[in-house]
Amino acid sequence: QVQLVESGGGLVQAGGSLRLSCTASGRTISSYMMGWFRQAPGKEREFVAGYGSSGGNTYYDDSVKDRFTISRDNAKNTVYLQMNRLKPEDTAVYYCAACSNLCYYREHTRYGNWGQGTQVTVSS
C-alpha cells in the first residue's frame, strides 16, 4: 500500500501556471502507474495525465495536451503536474492516484490508491 499526498493547489488567473505535487510514502512510485485525475463540481471524475511504471511513458487527456506536463522525481518519490495556460474549465479538485496491477491510464477504477485531493481554481 502506498500513501499519496497532493499539494500545490490554489487560486490562479486564467493563463497562469500552477504545479501540483504528489508525494508518496510506504512504497516507491517507480513500480506504479501514476495518474492525475480531476473532478469539477457536478462532473464525473476525469483523467488528466498519467505516467507509466515501465519506461516512463506519459499520457494526457486531449483537454490538457500541450498545456500540462506530468513528471516524476524518483529520488523524492514525487509525481508532479505542471499546469500552464490554465483555463477556468480546469477548475476542479485534482487527485493523484497509483495503480499497481491491470492498469489502464485513463480508467480511474483501476487505481487503488488515492490522495486526498487538492483544489485548483482558475478565475476568468
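See above for the structure.
Parameters and conventions
- Every chain is numbered independently, its residues counted from 1 as its sequence is written.
- With pLDDT at 70 or above as the cut-off, local features in this predicted model cover only qualifying residues; side-chain atom pairs require 80 or more to be listed or tallied, and sums for whole chains, interfaces and linings still use all residues.
- To get the side-chain values, take all heavy atoms of the structure and skip hydrogens and water.
- In this text, buried Ala, Val, Leu, Ile, Met, Phe, Trp, Tyr and Cys residues form a nonpolar core when linked through side-chain atoms within 4.5 Å.
- To sort residues, take the accessible area from a 1.4 Å probe on protein chains only and compare it with the maximum for the residue type: under 20% means buried, over 50% means exposed, and anything in between is partly exposed.
- What counts as a helix is a DSSP run of H or I of at least four residues, what counts as a strand is a run of E of at least two, and both are numbered from the N terminus.
- Any two residues having at least one pair of non-hydrogen atoms within 4.5 Å are treated as being in contact.
- Under the rule applied, a polar contact is a pair of N or O atoms within 3.5 Å (in protein, one hydrogen donor and one hydrogen acceptor; residues adjacent in sequence only if both atoms are side-chain atoms).
- Criterion for a disulfide: a pair of cysteine sulfur atoms at a distance within 2.5 Å.
- By definition, a salt bridge exists where a carboxyl oxygen of Asp or Glu is found within 4 Å of a side-chain nitrogen of Lys or Arg.

Colleague: Pulling in residues and values, what's your account of the nonpolar core?
Modeller: Met34, Trp36, Leu81, Met83 and Tyr94 are the most contacted members of the largest nonpolar core, which totals 28 residues. Counting only elements with at least two residues in this core, the list comes to strand S3 (18-25), strand S4 (33-39), strand S5 (46-51), strand S7 (68-73), strand S8 (78-83), strand S9 (92-99) and strand S11 (118-123). Sequence-distant contacts of Met83, that is, excluding residues within four places in its chain, are made with Gly16, Ser17, Leu18, Leu20, Arg67, Phe68, Tyr94 and Val120.

Colleague: Explain the environment of Trp114 residue by residue, including any values.
Modeller: The topology assignment puts Trp114 in strand S10 (residues 113-114). Take Trp114: its relative accessible area is 27%, and that puts it in the partly exposed class. Residues Trp114 and Ala97, spaced 17 residues apart in sequence, show a C-alpha to C-alpha distance of 4.4 Å. Those residues within four positions of Trp114 in sequence are excluded, and the remaining contacts are Leu4, Phe37, Arg45, Tyr95, Cys96, Ala97 and His108. In terms of polar contacts, Trp114 uses its side chain to reach the backbone carbonyl oxygen of Tyr111, at 3.1 Å.

Colleague: Describe the state of the cysteines, listing the residues and the values that go with them.
Modeller: Counted by the stated rule, this structure contains two disulfides. One disulfide in the model links Cys22 with Cys96; its S-S distance is 2.0 Å. Residues Cys22 and Cys96 are joined by a disulfide whose S-S torsion is about -75°; by sign, that bridge is left-handed. With Cys22 in strand S3 and Cys96 in strand S9, the pair connects residues that are 74 residues apart, well separated along the chain. Once the disulfide-bonded cysteines of the protein are ranked by sequence position, their pairing pattern turns out to be 1-2, 3-4.

Colleague: Please set out the pattern of salt bridges residue by residue, giving values where relevant.
Modeller: In total, this model carries four salt bridges according to the counting rule given. Across the pair Arg106 and Asp61 runs a salt bridge, and its minimum N-O distance is 2.9 Å. Of this pair, Arg106 sits in the loop between S9 and S10 while Asp61 sits in the loop between strand S6 (58-60) and S7; the two residues are 45 residues apart in sequence, bridging distant segments of the chain. By relative accessible area, Arg106 is classed as partly exposed at 35%. The partner of Arg67 in a salt bridge is Asp90, with the nearest N and O atoms 2.8 Å apart. Of this pair, Arg67 sits in the loop between S6 and S7 while Asp90 sits in the loop between S8 and S9, and the two are 23 residues apart along the sequence. When sorted by exposure, Arg67 lands in the same class as Asp90, which is buried. Salt bridges linked by common partners bring Arg38, Glu46, Arg67 and Asp90 together as one network.

Colleague: Please provide a residue-by-residue account of the side chain of Ser21, values included.
Modeller: One can find Ser21 in strand S3. Each residue touching Ser21, except ones within four places of it in the same chain, is listed here: Val5, Glu6, Ser7, Trp36, Thr78, Val79 and Tyr80.

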